[in-house]
Amino acid sequence: MRFVPEDVFVAKVGVIGGGAFGTAMACVMRRSGHEIAIWAREPEVVAAINQDSLNPLFLPGIRLPGGIVATNDMGGATAQADFLVLAPPAQHMRGVTTQLRAFLKDGLPLVSCSKGIERGSCAFMSQVIGETLPAARIAVLSGPSFAHDIAVDLPAGVTLACRDSALARRLAAAIRTPRFRVYLSEDIAGVHLGGAMKNVLAIACGVATGKKLGESARATLFARGLAEMAQLGLAMGARIETFLGLSGAGDLALSCNSAASRNTSLGIALGEGRNLQDVLRERVTVQEGVHSAEAIAELAKRHGVHAPLTVAVDEVLNHGSSVDDAISRLLAQRPGWESASGV
């Protein structure tokens, strides 16, 4: 990797995924002068980026920095790349990285930005990548960063988790800009769990908004959801400070307090009495919380963690429970001591 000196360099970066967040990350890194090639599955996305510097399907109304090249050719997007940014929907990560195998050299750094847990396997994205691309060097980026905000260069902060501290510093130097701050962590499990679980909890907070349960109820859901996140994380070997940082409380606060969040807006629609499948059919983008709820509920069960909010969301999304019944069960929960280890 051409990372000398550490703080001033130009890299060739391949972005895998032409959705909202992949495109936004391409904008962030192009502003630092890096050469950006973005792979997108949709031909109309490739055409719009190359011809008009726009991605109207996933980031409507935002002009992208000049010089971002899009392609449907995965090999072309990855050729001679110094590192890759992976931003497909979480449930497609395995298929995408399996395709990537033919194009990657051993040891290439990969930065996963997909916030979700694989259904069925309950695997974090770094685990999926490790299985499909075992020679890759993996980092995980997460935190409070709406794609729209970072695409238009509004300030934001994220966490980059990597077990190789030297690689983490080099990647952070490549990714950060004066308005996109990158903090480092070695807690890959905690950063993954925070990014995935906040989507599930945002649906719960959206339901409270849609049902007009009041701000007090939403704040209660936020706090108890953060406690569930921390308890499950600790059971899985994560660090408590991760859940108090950007990829935990920070991302949770952003998602749960804004109707611009895809998962919160989904919850609002459910709280207003709309049918889940009808809402999903209307949307182009993926609501990762729908997929991750089942996996996180299963992880909580495996680790013996009491996670009533997560289970309630999973029951509504995946097991036919009504919103009213789920709320009644939550309110009927026996009170316990308030602590991260005693939800």
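Keep in mind the model is a prediction, meaning the values are calculated, not measured.

(A) Expanded view of the overall build of the chain. Looking only at helices and strands, the chain has 16 helices and 10 strands in total. Taken against the 2.2 N^0.38 rule, which gives 20 Å for 343 residues, the C-alpha radius of gyration of the chain at 20 Å falls within 12% of a compact globule. The buried share of the chain, reckoned over its 343 residues, is 55%. Here the analysis covers contacts within the chain between residues at least 6 apart in sequence; of these, 71% occur between residues at least 24 apart. Total accessible area on the chain is roughly 14,400 Å²; 53% of this is exposed by carbon and sulfur atoms. The distance from the centre of the 32 positive side-chain charges to the centre of the 31 negative ones in the chain is 2 Å.

(B) Examining the environment of Met 29 more closely. Tracing the backbone shows Met 29 in helix 1 (residues 20-31). Between the C-alpha atoms of Met 29 and Thr 177, which are 148 residues apart in sequence, the distance is 7.7 Å. Setting aside chain neighbours within four positions, we find Met 29 in contact with Val 13, Val 15, His 34, Ile 36, Phe 83, Val 85, Ala 174 and Ile 175.

(C) Examining a nonpolar patch on the surface more closely. A cluster of nonpolar side chains, namely Leu 234, Ile 240 and Leu 244, defines an oily patch on the protein surface of about 270 Å² accessible area. Considering the arrangement of structural elements, one finds Leu 244 in the loop between helix 10 (240-243) and helix 11 (246-256). Residue classification places Leu 244 among the exposed residues on the basis of a relative accessible area of 63%.

(D) Local environment of the packing of helix 9 (residues 215-235) against helix 11. Here helix 9 crosses helix 11 at 150°, and the two axes come no closer than 11 Å. Of the two elements, helix 9 crosses helix 11, and the hand of that crossing is right-handed. Taking contact as the criterion, the partners of Arg 218, Phe 222, Leu 226 and Met 229 in helix 9 are, on helix 11, Gly 248, Ala 249, Leu 252, Ala 253 and Cys 256. Classifying every residue of the contact of helix 9 with helix 11 gives seven nonpolar, one polar and one charged.

Definitions and limits used
Residues numbered from 1 in each chain as written. Predicted model: local features only at pLDDT ≥ 70, side-chain atom pairs only at ≥ 80, totals over all residues. Heavy atoms only, no water. Helix = DSSP H or I, 4+ residues; strand = E, 2+ residues; numbered from the N terminus. Rg over C-alpha atoms; globule rule 2.2 N^0.38 Å. Buried < 20%, exposed > 50% of the residue type's maximum accessible area, 1.4 Å probe, protein only. Contact = heavy atoms within 4.5 Å. Areas by Shrake-Rupley, 256 points an atom, 1.4 Å probe, with all protein chains shown as cover. Lys, Arg positive; Asp, Glu negative; His and termini not counted. Charge placed at Lys NZ, Arg CZ, Asp CG, Glu CD. Patch = residues over 30% accessible without salt bridge, like charges linked within 9 Å, V, L, I, M, F, W, Y side chains within 5 Å. Salt bridge = Lys/Arg side-chain N within 4 Å of Asp/Glu carboxyl O. Axes fitted to C-alpha atoms, helices over the stretch in contact; angles between N-to-C directions. Left-handed = near helix turned anticlockwise from the far one by under 90°. Nonpolar A, V, L, I, M, F, W, Y, C, P; charged D, E, K, R; others polar.

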